[in-house]
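Observations on the three-dimensional arrangement
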Amino acid sequence: MSRHREPSSPHPGAVFEHTGRSEGTATDDRAASPLRLGLLGCSPIARRRMLPAIGLLDTVRLSGVAAREIERAKDVAAELGTVASGYDEILGRDDVDAVYISLPNGLHYEWAGNALRAGKHVLCEKPLATTRENAVELTELAASRGLVLRENFSFEHHSQHTKVRQLLAEGRFGIPRTFTGSFCIPPLPPDDTRYNAALGGGALLDIGVYPLRAAQLLLGPDLTVTGATLRVDERLAVDLAGQVQLVSADGVFAQLEFGIQHSYGSRYSLWGSAASVSLDRAFTPPPSRQPVLRITEQDHAEEIVLPPSDQFRNSVEAFVAATGPVVDAAAERPWLDRAVTTARLIDEIRKKAVRVGARDEGDG
Ligand SMILES: NC(=O)c1ccc[n+]([C@@H]2O[C@H](COP(=O)([O-])OP(=O)(O)OC[C@H]3O[C@@H](n4cnc5c(N)ncnc54)[C@H](OP(=O)(O)O)[C@@H]3O)[C@@H](O)[C@H]2O)c1
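Reading the values: the criteria
Residues numbered from 1 in each chain as written. Predicted model: local features only at pLDDT ≥ 70, side-chain atom pairs only at ≥ 80, totals over all residues. Heavy atoms only, no water. UniProt positions renumbered as here; feature names shortened; annotations may be inferred. Core = buried A, V, L, I, M, F, W, Y, C linked by side-chain atoms within 4.5 Å. Buried < 20%, exposed > 50% of the residue type's maximum accessible area, 1.4 Å probe, protein only. Helix = DSSP H or I, 4+ residues; strand = E, 2+ residues; numbered from the N terminus. Contact = heavy atoms within 4.5 Å. Phe/Tyr/Trp six-rings, centres within 6.5 Å; stacked < 30°, edge-to-face > 60°. Lys NZ or Arg CZ within 6 Å of the ring centre and 35° of its normal. Near = heavy atom within 4 Å. Polar contact = N/O pair within 3.5 Å; in protein donor to acceptor, adjacent residues only side chain to side chain. Areas by Shrake-Rupley, 256 points an atom, 1.4 Å probe, with all protein chains shown as cover. 1 Å grid on protein atoms, 1.4 Å probe; cavity = no way out; pocket = protein on both sides within 12 Å on 5 of 7 lines; lining within 4 Å. Sits in = over half its atoms within 2 Å of the grid points. Nonpolar A, V, L, I, M, F, W, Y, C, P; charged D, E, K, R; others polar. Domains from an automatic or database assignment. Pairing = 2+ DSSP bridges. Right-handed = clockwise from strand over helix to strand, strands pointing away.

Looking at an unreviewed UniProt entry, the protein chain carries the name Gfo/Idh/MocA family protein, with the source organism given as Amycolatopsis plumensis. UniProt lists a comment for the protein chain under the heading Sequence similarities (unreviewed entry), and it reads "Belongs to the Gfo/Idh/MocA family."

Given below as structure tokens:
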């Protein structure tokens, strides 16, 4: 087995290509006039990943936090040295240019819509919407108002996937045959929003969307769901795990596995006619991790060690750059289309899925 290291790059870049805009110029403008970002919801992910990412960038500054309960917003605002608001109130503020929405999955559609109608750019946690119809409505709203709407699949902004795509484009794996993607986590506390159907709970919307989006990333948008199985907790009416099969327009197979009742695992592999590549910690690697791509051929195995990359920082940086000073509608269109494709596939999975009951073993 051989092992080599890639030189570290200070500019890891987004995985999906941008078109026709100068990020350098936009960044310079933003440094002079940072984007004023408000948090809609003081969620665990906002505190754990978004706030540290904002702290690393001089192109964006926190201009407020909104929580359901104003007392809680005040506590967080005091801690962060910013202004407390309610959800509606923050959308009415003139000193807020954009909002980061990290509410439970079933509330994204309502609040992303409210934010866009209030004239704010929106960085919304994944999934943007729970149906294709809602995703189309939101993306058309953003486009018609000239606002940036990005779905925060932060993993897309990790340079490890840029490398996989580069090798794929160079033919390193030959003709792609099969993509396999898995994301599973252990059970969550019983009061977690993932167990609440009214809040868009369930493993598909929360965890399954990662390998689904990775299949889009590597195989393109023309995917068809050929089969699916969901394990459903009938008492809670949420799915706890699932498997999905898809096929691309070129005939490449994809197999997805996800769940919230497993030991932790986050990985994918792409198997082609010449070689396969596999990647562990594919979706939520910590910023300090040096990713390892494992390439296997019949008589050869190789590991490529990549430089660390902070996917949350990269995602926020790309969002901020996209907001101005002028929004490039053509450059935003692919991001909007990707969100609609993901939502279409969610619809297809739900429609095709065979549902099995969850065994009564404390599954949630
Ligand atoms: N990109 C990533 O790597 C990543 C990782 C994890 C999660 N996520 C996404 O981030 C979002 C937030 O997930 P999370 O686990 O951090 O938080 P969460 O438990 O889903 O709660 C998010 C926040 O929503 C607000 N909220 C509004 N209505 C609520 C209700 N009825 N019940 C509970 N909370 C309510 C609460 O904030 P206030 O009380 O302050 O209003 C709460 O802190 C989800 O969309 C998830 O898919 C993304």
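1. Regarding the nonpolar core
One broad rule of soluble globular proteins: the nonpolar side chains tend to lie buried together. Core analysis: the largest hydrophobic core is formed by 51 residues, its most contacted members being Phe179, Leu246 and Tyr268. Here this core takes 12 residues from helix α8 (residues 203-219), the largest share from any one element. Apart from residues no more than four positions distant in its own chain, leucine 246 is found in contact with Leu212, Leu223, Thr224, Val225, Thr226, Val252, Phe253, Ala254, Leu256 and Leu345. Of all hydrophobic cores here, the second largest spans 27 residues; its members include Ala46, Leu51, Ile54 and Val65.

2. Comments concerning the side chain of arginine 49
Among the structural elements, arginine 49 can be located in helix α2 (residues 44-55). If we ignore the near neighbours within four places in the chain, the residues touching arginine 49 are Pro285, Pro287, Asp310, Gln311 and Phe312.

3. Side note on the packing of aromatic side chains
Counting across every chain of the model gives 11 aromatic pairs. Measuring from ring centre to ring centre gives 4.9 Å for phenylalanine 183 and tyrosine 210, while their planes differ by 85°; the resulting arrangement is edge-to-face. Residue phenylalanine 183 is located in strand β8 (residues 176-184), and its partner tyrosine 210 is located in helix α8; the two are separated by 27 residues in the primary sequence. Each ring, one from tyrosine 268 and one from phenylalanine 283, has its centre 6.4 Å from the other, and the planes form 50°; the classification is tilted. With tyrosine 268 in strand β12 (residues 265-272) and phenylalanine 283 in the loop between β13 (276-280) and β14 (292-297), the pair connects residues that are 15 residues apart, well separated along the chain. On the basis of relative accessibility, which here comes to 2%, the residue tyrosine 268 falls in the buried class. Phenylalanine 283 gets classed as buried once you look at its relative accessible area, which sits at 0%. Site record: aromatic cluster; members linked through ring pairs are Phe153, Phe155, Phe179, Phe183, Tyr210, Tyr264, Tyr268 and Phe283. A cation sits over an aromatic face here: arginine 150 above tryptophan 335, 4.1 Å from the ring centre. In this structure, arginine 338 is placed above the aromatic ring of tryptophan 335, and the distance from its NZ or CZ to the ring centre is 4.8 Å.

4. Section: the site of the ligand
As a matter of local geometry, the ligand sits amid 25 residues, with Cys42, Arg68, Tyr87, Asn105 and Lys126 nearest to it. Within the backbone of cysteine 42, an N or O atom sits 2.9 Å from an oxygen atom of the ligand. Protein burial of the ligand: of its 910 Å² of free accessible surface, 85% is covered by the chains. In this structure the site holding the ligand corresponds to the largest pocket. Where the shell around the ligand is concerned, the elements lending two or more residues are α2 and α8. Class assignment for the residues of the shell around the ligand results in 11 nonpolar, eight polar and six charged. In terms of domain composition, the shell around the ligand takes at least three residues from each of domain 1 (16-155 + 314-331) and domain 2 (158-309 + 345-357).

5. Digging into the pairing of strand β7 (residues 149-152)
Burial along β7 is two-sided: Leu149 and Glu151 facing one way and Arg150 and Asn152 facing the other are all buried. When strand β6 (residues 121-125) meets β7, the two strands line up parallel, connected through four bridges. Along β7, the bridge assignment pairs leucine 123 with arginine 150. In this region the chain leaves β6, passes through helix α6 (residues 132-145) and returns to the parallel neighbour β7; the handedness of that crossover is right-handed.

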